[in-house]
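Tertiary structure, described
Residues per chain, in single letters:
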Protein chains: 2
Amino acid sequence: MKELEDRIRRDGQVLSGGILKVDSFVNHQVDPALMDKCGQELARRFAALGATKVLTAEISGIAPALTTALHLGIPVVYARKTKPITMPDQVYLTLAPSHTKGRMVELIISPEYLGHTEKVLIIDDFLASGATILGLVRLAQAAGAQVVGIGALIEKTFEGGREALMPLGLPVESRTSIIGMNEHQITFGD
Amino acid sequence: MKELEDRIRRDGQVLSGGILKVDSFVNHQVDPALMDKCGQELARRFAALGATKVLTAEISGIAPALTTALHLGIPVVYARKTKPITMPDQVYLTLAPSHTKGRMVELIISPEYLGHTEKVLIIDDFLASGATILGLVRLAQAAGAQVVGIGALIEKTFEGGREALMPLGLPVESRTSIIGMNEHQITFGD
């Protein structure tokens, strides 16, 4: 997607440790019009799969997941990283490493909002190692739900996420692919 | 707003400790179409104020703030509760009590995305005691920005938030007002 790629070229910053900082339009400040366009396009790509729910992880997955769900006309559930007091005692919980926190985080979903009849579309901001998305897949599987597709805004192809997801045999779409980056340059794929 | 009120009547649950659980359409599972309508209406109410940025707090403020910002055509910034490694060392930070976590939480904004020329519209899911919103006001003031309005999806009028905000002399709008609730009944205002 040309618009997202242009925005990353203009406003993205490569930090040490292989972190791509997109805090000015995705992760701390959000550009709603850009998120809406990305969500519209992800919804179009996955429209034929008959998803009944979009699943993401708080916090930065919420914006693209919400706009995708809006265009698909279905609800979105975001996995929580701390269990709020409104959640029942019995939950689905898994652990996943957080790239930007440098430690394992919990991903928690209430069984109230993810049942065994659901067809789940997973949407996140990044597809890098695939670890967060695999955590969401495990939560969906724990609920007996069927994952039907996986979408991300930005894929870092050199971190192996697509290969990690391949055994699932699911469609995986990203809005833009970065095939290499350093502090001076970001190189995009097709 | 009739639709939000009907949804609270149907799916809201009053828990002990004065907590209104709206996890099935606002806080864990989100109804994007309802959030979009609420955002559209909040945008209409505040359109004349010339806001340049919407400000909210992660996590549950993100959905209504994003849809409001989308309809106003401006960016949204969400205050973080933990400082990510992508944030500079020097930040704006304040403390606010969290109703659902039962403790104080940090609210953190990077100076990169909130400058002294901004006109800030604060949007959150709840207006209860007003403590989170007052925290966001302090962050905007620390940045030298001007707060021009405050909006919420659900106001609990009996928790004093509107009175706490009154000294600011700002327009305060909520999409629906709850004037009383117990485990058997939720009573709405006009």
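Heads up: these notes are all about the structure in this document. This structure is a prediction, so every number in the text was calculated from the model and none was measured.

With that settled, the discussion passes to the overall build of chain A. Counting secondary structure elements, chain A contains 6 helices and 11 strands. What you see for chain A is a C-alpha radius of gyration of 16 Å, in line with the 16 Å of a compact globule of 190 residues. Projected onto the principal axes, the alpha-carbon positions of chain A cover approximately 50 × 35 × 30 Å. In chain A, buried positions account for 57% of the 190 residues.

Here strand 5 (residues 76–79) of chain A shows a buried face lined by V76 and Y78 of chain A and a second buried face lined by V77 and A79 of chain A. By the bridge criterion, 2 bridges tie strand 5 of chain A to strand 3 (residues 29–30) of chain B in an arrangement that is antiparallel. Paired with V77 of chain A across the two strands is Q29 of chain B, which belongs to strand 3 of chain B.

Our next topic: the interface of chain A and chain B. Contacts between the two partners involve 44 residues from chain A and, on the opposite side, 44 residues from chain B. Per-residue buried area on chain A facing chain B is highest for H28, I59 and T86 of chain A; these three make up 21% of the total on that side. On the surface where chain A and chain B come into contact, there are 2 salt bridges. Here K21 of chain B and E112 of chain A are joined by a salt bridge, their closest N and O atoms 2.8 Å apart. When residues of the side of chain A that touches chain B are traced back to their parent elements, those giving at least two are strand 1 (13–15), strand 2 (19–21), helix 2 (23–27), strand 3 (29–30), helix 3 (32–46), helix 4 (62–72), strand 5 and strand 7 (103–109) of chain A.

The next subject is the environment of H184 of chain A. Residue and element names in this part refer to chain A. With respect to the helices, strands and loops of the structure, H184 is situated in the loop between strand 10 (172–181) and strand 11 (186–188). Residue H184 is classed as exposed on the basis of its relative accessible area, which comes to 78%. Distance from H184 to Q13, taken between C-alpha atoms, is 9.0 Å for residues 171 residues apart in sequence.

Turning next to the sheet that holds strand 9 (residues 146–156) of chain B. Taken in spatial order, the 7 strands make up an open sheet running 3(A)-5(B)-4(B)-8(B)-9(B)-10(B)-11(B), and their pairing is mixed. Two strands in the sheet have a free side with no partner beyond their single neighbour: strand 3 of chain A together with strand 11 (186–188) of chain B. Sheet topology note: the strand 4 (residues 53–57) of chain B/strand 8 (residues 119–127) of chain B ladder contains 3 bridges and is parallel. Within strand 8 of chain B, the position partnered with K53 of chain B by the bridge is V120 of chain B.

Taken together, the side chains of L93, L95 and M104 of chain A define a hydrophobic patch exposed on the protein surface, amounting to about 280 Å² of accessible area. Tracing the sequence through the fold places L95 of chain A in strand 6 (residues 92–98).

We now examine helix 4 (residues 62–72) of chain B. Of all 11 residues in helix 4 of chain B, 8 are buried; the element is thus mostly enclosed. All of the buried residues in helix 4 of chain B are I62, A63, P64, A65, L66, T67, T68 and A69 of chain B.

Basis of the calculations
Residues numbered from 1 in each chain as written. Chains lettered and ligands numbered in written order. Predicted model: local features only at pLDDT ≥ 70, side-chain atom pairs only at ≥ 80, totals over all residues. Heavy atoms only, no water. Helix = DSSP H or I, 4+ residues; strand = E, 2+ residues; numbered from the N terminus. Rg over C-alpha atoms; globule rule 2.2 N^0.38 Å. Buried < 20%, exposed > 50% of the residue type's maximum accessible area, 1.4 Å probe, protein only. Pairing = 2+ DSSP bridges. Contact = heavy atoms within 4.5 Å. Buried area = accessible area lost by both parts, 1.4 Å probe. Salt bridge = Lys/Arg side-chain N within 4 Å of Asp/Glu carboxyl O. Patch = residues over 30% accessible without salt bridge, like charges linked within 9 Å, V, L, I, M, F, W, Y side chains within 5 Å. Areas by Shrake-Rupley, 256 points an atom, 1.4 Å probe, with all protein chains shown as cover.

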